[in-house]
Amino acid sequence: MAYDSVADSQSDGRIEEAKQFLRLCNDSDSNNRAEALDDVRFAAGDQWPVDVQNSRVLEARPCLTINKLDAYVRQICNQQRQQRPRIKVHGMNNESDAKVAEIITGITRHIENQSDADQAYDHAFEYCVKMGWGYWRVTTDYIKDDSFDQEIYIKRIENPFSVYFDPNSVQPDGSDAEKCLVTTVVSKAVFRKMYPDADDVQGFSSRGTGDTESEWVTKEDIRIAEYFYTEREKAMIIQLSDGTTGYSDEMPSKEVLASAGITVIDKRDTWRKKIKWCKLTAMQILEEGEWAGKYIPIVPVYGQEVRVDDKHKKFGLVRMAKDPQRMYNYWATALTETVALAPKAKWLLAEGQDEGHENEWAMANIKAMPVLRYKQTDTEGRQAPTPVRLQPEPPPAGVMSALQGMNQDLMAVVGIFDPGQLPQGQQSGKALQGQQQQADMTNFHYYDNLTRSIRHTGRIILDLIPKIYDRQRVMRIIGDDGKPDMVTINEQGQDEQGVSKVLNDVTVGEYDVVMETGPGYNSKRQEAVDSMMGLLGADPTLMQTAGDLIFRNMDFPGAEIIADRLAASNPMAQIDDKSPIPPQVQMQLAQSKQQIQQLQQQIQAEEMDKKYRATVQQQVQEAETQREKMRLDVKREDTQMRTDTQAHDTVIKTQTQLEVEQLKAQVAILLANMDHKQAELANAETTERAI
C-alpha cells in the first residue's frame, strides 16, 4: 500500500464524509451493538440484572452465576479449530495453469502461516458465536525496513466494536462493501511521535456503542480512524481483433495497433473501481493512499442474521440462551439459599438429660464429637428415653425439578446436549457418528459462515498476488501436508520445447477459490491408513503398487524412509511435483515407460533365448565332435593298447617259455647230477660192503 503524508487537510471533505459514515453506522446498527455488548458481558459472567443484583446484595442474599454458556461457546469454537477450512485455488480460463494454481495455493498457505492467520480466524469466530459478528483484515507490508519487496498479511481485529462496516452490505462475506471505518485509540505521547506535525488539541465527540472510548479526543488519548472508501470513474473498454481486451487509456496508440495489423472490433462504456484509503482524526488527514486490490480488506464473519421490520438483526449463540441461563442461575441460587437457610438437625432430649454435659450438646452440630453423654433420668428423677436426632426437611422437590427443567431448556436452545442423556448401551460406531453429526448440524451455520469469509479472504489474496508478487523472487510455499518448499516465481526461462517464456507466472490467468472443509491433514492421513490397511488385507498385491503411499501416511519413526525405499523401486511413484507436466500426464508417461521397459525386457529375453539356442546347438555340435574325437582316440588307444598288449604278451610268453625251458634244463641237470651222485653213493656203498 502506498502511503502519502498529508500536512494540512482541514478542508478535506473526506473527514466530514467519515463522520457522516460513522453516524450512519451508529444509527443503523446501534441496537445490534447495544445487544451485542450485553451478550459479550453475559457470556463473560455478568448474568444478573443490575437492579435484582443490587436488591439482593442489600438483603445479603446470594447471587450465584453457573455460567454454562461459556462451555457451549468453547465447544463450538473448539470444533471449528479441529476442522479448519482450507483455501484451494483453481484455474478459471485458458491462461491459467494447474501447476501455477498449486503454487498460488502454497503461497496462500505461506501467507496464512507467517501471519498466524489462525489467531485472526479463531478470534473473529469466537465473537461471532458470542455476539453475532467478528472481523479480521488483510494488509500488506514490506518484508524488511531496507527492502522494496512486500508481503501479504492477515491480521486480527481485537475489538470488533472498533469496526464500522458498510450497513448497505448484504453479502454474507461482506464482499459488496463500499466503505469501512476502523478506529484505534493511542496515547497523545505516542501520537506526537507518530505524527509530530499533527493536531491533537481539538475534540470530536461521537461514538458507537461498545467502543471503549467515549470521544475521539480525550485528555490523554486520541482516536485514529482508518477509512476505506470506493471510487468509481467512467472508462471505456475496447476489444481488439487479436482477442485482447482492456481500458482504452491503457492500450497502445492507433498507429501502433495499425502497424501491427490489429483493429478495434468492439467497445463499450464501463466503470473502473478503485479502493482508496486514508488515516485520519476528527481534525485532519494523516496519511492516504490507494489499496492495491478491488475489495475492502476488512472481512466480517457473521453468526445469525434476520430482518425484522426492515431492520437487520445480528446475534449469536448467547442471545437466545440468556433467559434459560438466567432462570438456571435463579433456581440454583434459590436452591442454595433454601439449603443454607434450612435449620440444622437438632437433638430431642428430656429436660435435665444434658446436665453436666451442656457444652458437649451445644457443640454437637459444630464439632465432630466422638461421644455424647447424657443422663437416663429427667429433672424429676423419672426414666427418660434416649435422645433422638430430628432430621431437617429435604430441599424442595419443586426447586430441584425447575432447576433440571431449566438445564434442559438451555441445552435445547443452544442445540448441544449432554452425552450422558443420550441413549446408553451398546451402539455401533455408525450410530454414535450419527448422534455426533446431529449435534454438530445444529450449529453448523457458524462454521459455514466462517468458511464463506475465509473464501472471500482467499479472493482478496488472489486479487493482490499479481500486484504484490509481480517480480521474480524466490518464495516459500507450503503443501497440503504442511511441508515447506522453495519455488521461483515469475522466472525468465525456457519451457520443454526451448521457447522463451515466464515460468511460474502468477501475474496472468484467472483463478478462484474452492474451500476444503472437514478434518485436517493429520486426521485424513489416519483415516487413509485405516482404509488402506483394509484394502491391503483384501488385496495383498496392493503393496507392490501403493506400498509407498501406505507407509508415507503412517506416523511411526522410519515410515518415510520405508516409503522412499519402496518408491525407489516403483516406477509409478516417480512423480516430480516441481515439473510443469501435470501429475496425471506424468503417471501416464510412467505407465508407458514401464510398458516399454517390459517390452524391451521381452525382446532382450527373446534375443537372449535365440542366442542361447544357437550357443546350445554349437555347444552340442562341439560336444558331439569332441565325443567322436574322444571315441576315435579311445578306439585308437584301445587298438594300440591291444597291439601293445599282444606284443607284450608274446614277449612275455616267449620269455616265459625260455625261462621254463631253462628251468627244465636246470632241473634235468640237477636230476642228472642227483642220479650221478646217487650212483656214486651206491658204488661207494657197494665198495664198502665188498671190503
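Residues numbered from 1 in each chain as written. Predicted model: local features only at pLDDT ≥ 70, side-chain atom pairs only at ≥ 80, totals over all residues. Heavy atoms only, no water.

**As for the overall build of the protein**
Item 1. When you go through the protein residue by residue, the secondary structure sums to 16 helices and 20 strands.
Item 2. Within the protein, the fraction of its 691 residues that count as buried is 34%.
Item 3. Here the analysis covers contacts within the protein between residues at least 6 apart in sequence; of these, 69% occur between residues at least 24 apart.
Item 4. Surface accessibility of the protein: about 42,500 Å² in total, with carbon and sulfur atoms responsible for 52%. (Helix = DSSP H or I, 4+ residues; strand = E, 2+ residues; numbered from the N terminus. Buried < 20%, exposed > 50% of the residue type's maximum accessible area, 1.4 Å probe, protein only. Contact = heavy atoms within 4.5 Å. Areas by Shrake-Rupley, 256 points an atom, 1.4 Å probe, with all protein chains shown as cover.)

**Some words on the pattern of salt bridges**
Item 1. Considering all chains together, one arrives at 34 salt bridges under this definition.
Item 2. A salt bridge links Glu 226 to Arg 137; its shortest N-O distance comes to 2.8 Å. Residue Glu 226 is located in strand β7 (residues 221–240), and its partner Arg 137 is located in strand β3 (residues 133–142); the two are separated by 89 residues in the primary sequence.
Item 3. On the basis of relative accessible area, Glu 226 is assigned to the buried category, the value being 13%.
Item 4. A salt bridge links Glu 233 to Arg 272; its shortest N-O distance comes to 3.3 Å. Here Glu 233 is found in strand β7, whereas its partner Arg 272 is found in strand β9 (residues 264–280), with 39 residues between them in sequence.
Item 5. Looking at Arg 272, the relative accessible area reads 12%, which means it is buried. (Salt bridge = Lys/Arg side-chain N within 4 Å of Asp/Glu carboxyl O.)

**Side note on unusual backbone geometry**
Item 1. Positive phi outside glycine occurs at Ala 60, with the angle close to 60°.
Item 2. Note that Ala 60 resides in the loop between α2 (50–58) and α3 (69–82).
Item 3. Of note in the backbone geometry, Asp 116 takes a positive phi value of approximately 50° without being a glycine.
Item 4. Relative to the helices and strands, Asp 116 is located in the loop between α4 (98–115) and α5 (117–131).

**As for the sheet that holds strand β11 (residues 298–302)**
Item 1. The three strands are arranged β4-β3-β11 in an open sheet whose pairing can be described as antiparallel. Looking along the sheet, the strands with just one partner apiece sit at the ends: β4 (150–156) and β11. Direction aside, the axes of adjacent strands within the sheet are offset by 20° on average.
Item 2. As paired strands, β3 and β4 are joined by seven bridges and run antiparallel to one another. Bridge pairing in β4 links Arg 137 to Lys 155.
Item 3. Those strands touched by α5 are β3, β4 and β11, and its axis lies near 160° from that of β3. (Pairing = 2+ DSSP bridges. Axes fitted to C-alpha atoms, helices over the stretch in contact; angles between N-to-C directions.)

**Some remarks on the packing of α4 against helix α12 (residues 444–468)**
Item 1. Across the interface, α4 lies against α12 with an axial gap of 11 Å and an inter-helix angle of 110°. Between α4 and α12, the angle is such that the two are roughly perpendicular. Between α4 and α12 the crossing geometry is right-handed. On α12, the residues that touch Ile 104, Ile 107, Thr 108, Ile 111 and Glu 112 of α4 are Ile 454, Ile 461, Leu 462 and Ile 465.
Item 2. For the contact of α4 with α12, the residue count by class is seven nonpolar, one polar and one charged. (Parallel < 35°, antiparallel > 145°, perpendicular 65-115°, else oblique. Left-handed = near helix turned anticlockwise from the far one by under 90°. Nonpolar A, V, L, I, M, F, W, Y, C, P; charged D, E, K, R; others polar.)

**A few points about the state of the cysteines**
Item 1. One pass over the structure, following the stated rule, counts zero disulfides.
Item 2. Of all cysteine sulfurs in the structure, the one in Cys 180 sits closest to Cys 25, which takes part in no disulfide; the separation is 8.0 Å.
Item 3. Residue Cys 25 is classed as buried on the basis of its relative accessible area of 3%. (Disulfide = S-S within 2.5 Å.)

**Focus on the pairing of β7**
Item 1. Relative to β7, strand β6 (residues 179–187) runs antiparallel, the two sharing nine bridges. Counterpart to Lys 179 in the pairing with β7 is Tyr 229.
Item 2. Bridge analysis of β7 against β9 gives 16 bridges, and the strand direction is antiparallel. Counterpart to Lys 234 in the pairing with β9 is Trp 271.
Item 3. Note: β7 against strand β8 (residues 245–247), three bridges, orientation antiparallel. Each residue of the ladder has a partner; that of Ile 238, found in β8, is Gly 246.

**With respect to the confidence of the model for the protein**
Item 1. Here the protein averages 81 in pLDDT, and 85% of its residues register 70 or above.
Item 2. By mean pLDDT, the top-scoring element of the protein is β11 (96), and the lowest-scoring one is strand β1 (residues 4–5) (44).
Item 3. Under a pLDDT of 50 for its full length, residues 1–10 has, in the predicted model, 27 contacts with residues more than four places off or in other chains. (pLDDT = per-residue confidence, 0-100.)

**Looking at the nonpolar core**
Item 1. Residues Ile 107, Trp 136, Ile 152, Ile 298 and Tyr 469 are the most contacted members of the largest nonpolar core, which totals 74 residues.
Item 2. Phe 21, Leu 181, Leu 280 and Ile 285 belong to the second largest nonpolar core, which has 13 residues in total. (Core = buried A, V, L, I, M, F, W, Y, C linked by side-chain atoms within 4.5 Å.)

**Let's talk about α3**
In an α-helix, one turn spans 3.6 residues, which is why side chains three or four residues apart end up on the same side.
Item 1. Compared with an ideal rise of 1.5 Å per residue, which puts 14 residues at 20 Å, α3 spans 20 Å between its outermost C-alpha atoms and is within 8% of the ideal.
Item 2. Along α3, the positions that sit buried rather than exposed are Leu 69, Tyr 72, Val 73, Ile 76, Cys 77 and Gln 80. The arc that holds the buried residues of α3, viewed along the axis, is 130°, so those residues lie on one side. (Expected span 1.5 Å × (residues − 1). Arc of directions from axis to C-beta.)

**A few points about a nonpolar patch on the surface**
Item 1. On the surface, a cluster of nonpolar side chains totalling about 260 Å² of accessible area is made up of Val 667, Leu 671 and Met 674.
Item 2. Its place among the elements puts Val 667 in helix α16 (residues 583–690). (Patch = residues over 30% accessible without salt bridge, like charges linked within 9 Å, V, L, I, M, F, W, Y side chains within 5 Å.)

**Concerning the side chain of Glu 287**
Item 1. Inspection of the secondary structure puts Glu 287 in strand β10 (residues 285–291).
Item 2. The buried charged residue Glu 287 lacks any salt bridge, with Lys 279 as its nearest oppositely charged partner at 4.6 Å.
Item 3. Among the polar contacts listed, one links the side chain of Glu 287 to the side chain of Tyr 195, at a separation of 2.7 Å. (Lys, Arg positive; Asp, Glu negative; His and termini not counted. Polar contact = N/O pair within 3.5 Å; in protein donor to acceptor, adjacent residues only side chain to side chain.)

**Things to note about the packing of aromatic side chains**
Item 1. As enumerated under the stated definition, the model contains eight aromatic pairs in all.
Item 2. Taking 5.6 Å as the distance between ring centres and 50° as the angle between the ring planes, the aromatic pair formed by Phe 191 and Tyr 195 counts as tilted.
Item 3. Note on Phe 191: relative accessible area 0%, which makes it buried.
Item 4. Joined through ring pairs, the aromatic side chains of Phe 21, Tyr 227 and Tyr 229 make up one cluster.
Item 5. The ring of Tyr 247 has Arg 272 lying over it, and the distance from NZ or CZ to the ring centre is 4.4 Å. (Phe/Tyr/Trp six-rings, centres within 6.5 Å; stacked < 30°, edge-to-face > 60°. Lys NZ or Arg CZ within 6 Å of the ring centre and 35° of its normal.)

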